[in-house]
Amino acid sequence: MFGLQFPVASGRCTRGAFMTLLNVRQNFQEELSCDFILVIDTEGLRAPELASLGDSNEHDNELATLVVGLSDISLVNMAMENTTEMKDILQIVVHAFLRMKQIKKKANCQFVHQNVSDVSAHDKITRENKLLLEQLDEMTEIAAKMENNDDVTQFSEIIDYDIERDNWYISGLWHGVPPMASI
């Protein structure tokens, strides 16, 4: 998404977080009110090759909480096709935002749907957004029970979320097959 390549171990995933500081172009510094953007990548959340480790779930929740806590904006990459994997990652994200709400940190979450074939298909996108919100509400209820917080039942109670404003659809950026493909 940012044209960065973080190191990976054998296989597709790293374990932990990698960070890179990006210079903001002079003409955008005033508009963004910053000189640099720190990009933190959490490759490896719910990675199949790491699932056999006993503390994998707790590690993923702690890592997501750390990254969301450090971030002004969290981008959730929705490029995956597997709905079970997506639900697992959404649950991790919801846990992190629930913990931010407990410490009264205002969180901002944007969902980026990559490799969308037709970004102009408004009806399809509207249905997908509603389905995503239903899944987020479901994950919120589960996460709230796990955190012993029965007061929260909807994702919009954790963060200010708008299905029209906080979902972005972009077509494929790669020419070829990643990781060797060019952008």
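Residue numbers here run from 1 along each chain, matching the order of that chain's written sequence. Given that this is a predicted model, residues contribute local features only at a pLDDT of at least 70 and side-chain atom pairs are listed and counted only at 80 or more, while totals for whole chains, interfaces and linings are drawn from all residues. With hydrogens and water stripped out, all remaining heavy atoms of the structure feed into the side-chain values.

- Under an unreviewed UniProt entry, the name given to the protein is VLIG-type G domain-containing protein, and the organism recorded is Staurois parvus.

**Considering the packing of aromatic side chains**
At step 1: Each Phe, Tyr or Trp ring, with Trp reduced to its six-membered ring, pairs with another whose centre is within 6.5 Å; inter-plane angles below 30 degrees give stacked pairs, above 60 give edge-to-face pairs, and intermediate values give tilted ones. Under the definition given, this model contains four aromatic pairs.
At step 2: Ring geometry for Phe-155 against Tyr-161: centres 5.3 Å apart, planes inclined by 75°, an arrangement best described as edge-to-face. Of the two residues, Phe-155 and Tyr-161, neither departs from the other in class, the shared state being buried.
At step 3: In this structure an aromatic cluster arises from ring pairing among Phe-97, Phe-111, Phe-155 and Tyr-161. Burial here depends on accessible area, computed with a 1.4 Å probe over protein chains only, as a share of the maximum for the residue type. Under 20% is buried, over 50% is exposed, and the range in between is partly exposed.

**Structural notes on the sheet that holds strand 5 (residues 167–169)**
At step 1: Two strands qualify as a pair provided DSSP detects at least 2 bridges between them. In this description a helix means any DSSP run of H or I spanning at least four residues, a strand means any run of E spanning at least two, and both kinds are numbered starting from the N terminus. Spatial ordering of the open sheet is given by 3-4-5, a layout of three strands whose pairing is parallel. The two strands at the open ends of the sheet, each matched to only one other strand, are strand 3 (74–77) and strand 5. Going across the sheet, the axis of each strand differs from the next one's by a mean of 25°, ignoring polarity.
At step 2: Looking at chain direction, strand 4 (residues 109–113) and strand 5 are connected through three bridges and run parallel. Across the sheet, residue Phe-111 finds its bridge partner in strand 5, namely Asn-167. Angles here are taken between N-to-C directions and fall from 0 to 180 degrees, while the axes themselves are lines fitted to C-alpha atoms, restricted in helices to the stretch in contact.

**Details of the side chain of Asp-166**
At step 1: Assignment of secondary structure puts Asp-166 in the loop between helix 4 (122–146) and strand 5.
At step 2: Within polar-contact distance, the side chain of Asp-166 engages the side chain of Arg-165 at 3.0 Å.
At step 3: Contacts: residue pairs with any heavy atoms within 4.5 Å of one another. In contact with Asp-166, not counting residues within four places along its chain, are Cys-109, Gln-110, Phe-111, Asp-160 and Tyr-161. Whenever two N or O atoms come within 3.5 Å, that pair is a polar contact, provided that in protein one can donate a hydrogen and the other can accept it, and provided that, for residues adjacent in sequence, both atoms are side-chain atoms.

**As for unusual backbone geometry**
At step 1: Non-glycine residue Ser-33 carries a positive phi angle of around 60°.
At step 2: Relative to the helices and strands, Ser-33 resides in the loop between helix 1 (26–32) and strand 2 (36–41).
At step 3: Of note in this structure, Asn-148 is not a glycine but carries a positive phi near 55°.
At step 4: Mapped onto the elements of the fold, Asn-148 is located in the loop between helix 4 and strand 5.

**So, the pattern of salt bridges**
At step 1: For salt bridges, the criterion is a side-chain nitrogen of Lys or Arg within 4 Å of an Asp or Glu carboxyl oxygen. Inspection of every chain in the model, using the stated rule, returns three salt bridges.
At step 2: Of the charged contacts in the structure, one is a salt bridge between Arg-99 and Glu-147, with a shortest N-O distance of 2.9 Å. With a gap of 48 residues between them, Arg-99 in helix 3 (residues 83–102) and Glu-147 in the loop between helix 4 and strand 5 connect regions that are remote in the sequence.
At step 3: Accessibility expressed as a relative area gives 19% for Arg-99, which makes it buried.
At step 4: Ionic pairing is found between Arg-165 and Asp-166, a salt bridge with its closest N-O pair at 3.0 Å.
At step 5: With a relative accessible area of 2%, Asp-166 lands in the buried category.
At step 6: Three or more residues joined by partner-sharing salt bridges are found here, namely Asp-160, Arg-165 and Asp-166.

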